[in-house]
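Chain by chain, the residues run as shown.
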Amino acid sequence: MRPPRPTRGLLSLAVLLSGADSAQWIDALATGPGTRRTVVVLEPDVLALSPAYCGGTTAQQRDRLAQIGAAVDRLERQPGALASS
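Numbering of residues begins from 1 in every chain and follows the order in which that chain's sequence is written. Totals for whole chains, interfaces and linings use every residue, but because this is a predicted model, local features are given only for residues with pLDDT of at least 70 and side-chain atom pairs only at 80 or more, for both listing and counting. Only hydrogens and water are removed before side-chain values are computed, so all heavy atoms of the structure are retained for them.

*Asks:* What am I meant to see in the nonpolar core here?
*Replies:* In this description, a nonpolar core means a group of buried Ala, Val, Leu, Ile, Met, Phe, Trp, Tyr and Cys residues linked to one another through side-chain atoms lying within 4.5 Å. Each residue gets one of three labels from its accessible area relative to the maximum for its type: buried under 20%, exposed over 50%, partly exposed in between, using a 1.4 Å probe on protein chains only. Core analysis: the biggest nonpolar cluster contains 12 residues, these being Trp25, Ile26, Leu29, Ala30, Val40, Leu42, Val46, Ile68, Ala71, Val72, Leu75 and Ala83. Mapped onto this core, the elements with two or more residues apiece are α2 (19-31) and α4 (58-76). With near-sequence residues (within four places) excluded, Ala30 lies in contact with Arg74, Leu75 and Gln78. Strands are runs of DSSP state E lasting at least two residues, helices are runs of H or I lasting at least four, and both sets are numbered from the N terminus onward. Residue contacts are defined here by distance: any two heavy atoms, one from each residue, within 4.5 Å place the two residues in contact.

The following block contains the structure:
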C-alpha cells in the first residue's frame, strides 16, 4: 500500500499525516495482506530524520515516537506479519 501521495527526500509519511490519519493508514496496511505471511519495514529514516534531530520540538518528537510505536504494535497484531523499524 502506498502513502496517500508521493513522499520524496525528507518528506516522510509521518510528516504528511496526523496521528489519527496515520493510524488509519497503518490499519489499512496491516489488514491488506490478510493472514498471509508478510514482512513490513517501516521507513528507516523516520527515526534518523525525526524532529529531535531536525530542529523539531519535544512535543513533535513525542508524537513521532508514539506514531512509530503504535504502527509496530498494530502491525504485530496482524496474523502472519513481522514488523520492523
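*Asks:* What am I meant to see in a nonpolar patch on the surface here?
*Replies:* What makes a patch is a set of residues exposed beyond 30% relative accessible area and free of salt bridges, joined within 9 Å when like-charged and within 5 Å when nonpolar (Val, Leu, Ile, Met, Phe, Trp, Tyr). For the area figures, the Shrake-Rupley method with a 1.4 Å probe applies, and any residue is considered shielded solely by the protein chains shown. Just to be clear on terms, a salt bridge is a Lys or Arg side-chain nitrogen sitting within 4 Å of an Asp or Glu carboxyl oxygen. A surface patch of nonpolar side chains, about 320 Å² in accessible area, is lined by Val39, Val41 and Leu82. Structurally, Val41 is set in strand β1 (residues 38-41). A relative accessible area of 58% means that Val41 is categorised as exposed.

*Asks:* I tried to follow the pattern of salt bridges on my own but got confused; where do I start?
*Replies:* Once their charged atoms are close, side chains differing in charge can pair, the charge on each being opposite to the other. Applying the stated criterion across every chain, the model contains 1 salt bridge. A salt bridge links Asp27 to Arg74; the nearest nitrogen and oxygen atoms lie 2.6 Å apart. Of the two residues, Asp27 is situated in helix α2 and Arg74 in helix α4; the sequence distance between them amounts to 47 residues.

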